[in-house]
Amino acid sequence: YSADLKKEPAAKRGQAVKSLIGNDTFEVTANGVAEESGVIGDMIKVKNVDNAKILSGILVEKGTVRIQ
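In this text the structure is predicted, and so the values were computed from the model without any measurement.

Calculation rules
- Residues numbered from 1 in each chain as written.
- Predicted model: local features only at pLDDT ≥ 70, side-chain atom pairs only at ≥ 80, totals over all residues.
- Heavy atoms only, no water.
- Helix = DSSP H or I, 4+ residues; strand = E, 2+ residues; numbered from the N terminus.
- Areas by Shrake-Rupley, 256 points an atom, 1.4 Å probe, with all protein chains shown as cover.
- Lys, Arg positive; Asp, Glu negative; His and termini not counted.
- Charge placed at Lys NZ, Arg CZ, Asp CG, Glu CD.
- Contact = heavy atoms within 4.5 Å.
- Pairing = 2+ DSSP bridges.
- Axes fitted to C-alpha atoms, helices over the stretch in contact; angles between N-to-C directions.
- Salt bridge = Lys/Arg side-chain N within 4 Å of Asp/Glu carboxyl O.

## Re the overall build of the chain
Part 1 of the argument: Looking only at helices and strands, the chain has 0 helices and 5 strands in total.
Part 2 of the argument: Written out in order from the N terminus, the α and β elements of the chain read β-β-β-β-β.
Part 3 of the argument: Along the longest, intermediate and shortest principal axes, the C-alpha atoms of the chain span 40 × 30 × 15 Å.
Part 4 of the argument: Surface exposure of the chain reaches about 4,900 Å², of which carbon and sulfur atoms provide 51%.
Part 5 of the argument: Taking the average place of the 10 positive charges on the side chains of the chain and the average place of its 9 negative ones, the gap between the two points comes to 5 Å.

The structure is reproduced here in C-alpha cells:
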C-alpha cells in the first residue's frame, strides 16, 4: 500500500538549505540551516546563517525552503 511507503526527507535537521523569499517577478535567496527535518510540502523552521534569525517556510524541493 502507498501508506506503507516511507517518504524521503527533503531536509534534515542541521542540513544547509537555500531560503527563497519573494514572488514571480522578484526573488531573494539566502543561506540557512534547517532546524527541523521534513518532506516536500512540510512547514519547517530555518535559521538564517547571516543573522541567526529563525524563519518558517515550506519545503519546495530537496534543500530549498520558500519562506512565508
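From this point, the discussion proceeds with the structure in view.
## Thoughts on the side chain of Thr 64
Part 1 of the argument: Topologically, Thr 64 is positioned in strand S5 (residues 64-67).
Part 2 of the argument: Ignoring any residue separated from it by four or fewer positions in sequence, one finds Thr 64 in contact with Lys 18, Leu 20, Ile 58 and Leu 59.

## Quick word on the sheet that holds strand S4 (residues 54-61)
Part 1 of the argument: Strands sit in the order S1-S2-S3-S4-S5 around a closed barrel of 5 strands; the barrel is mixed. Neighbour-to-neighbour, the strand axes of this sheet turn through a mean angle of 55 degrees, independent of strand direction.
Part 2 of the argument: Pairing between strand S1 (residues 16-22) and S5: 3 bridges, direction parallel. Looking across to S5, one finds that Lys 18 is bridged to Thr 64.

## Points about the pattern of salt bridges
Part 1 of the argument: One pass over the structure, following the stated rule, counts 2 salt bridges.
Part 2 of the argument: Residues Glu 8 and Lys 62 are paired through a salt bridge, measuring 2.9 Å at the closest nitrogen-oxygen approach. Highlighted residues: Glu 8 in the segment before S1 and Lys 62 in the loop between S4 and S5, separated in sequence by 54 residues.
Part 3 of the argument: Glu 27 is the partner of Arg 66 in a salt bridge, and the nearest nitrogen-oxygen pair spans 3.1 Å. Here Glu 27 lies in strand S2 (residues 27-34) and Arg 66 lies in strand S5, a separation of 39 residues in the sequence.

So yeah, pure geometry; function would need other evidence.
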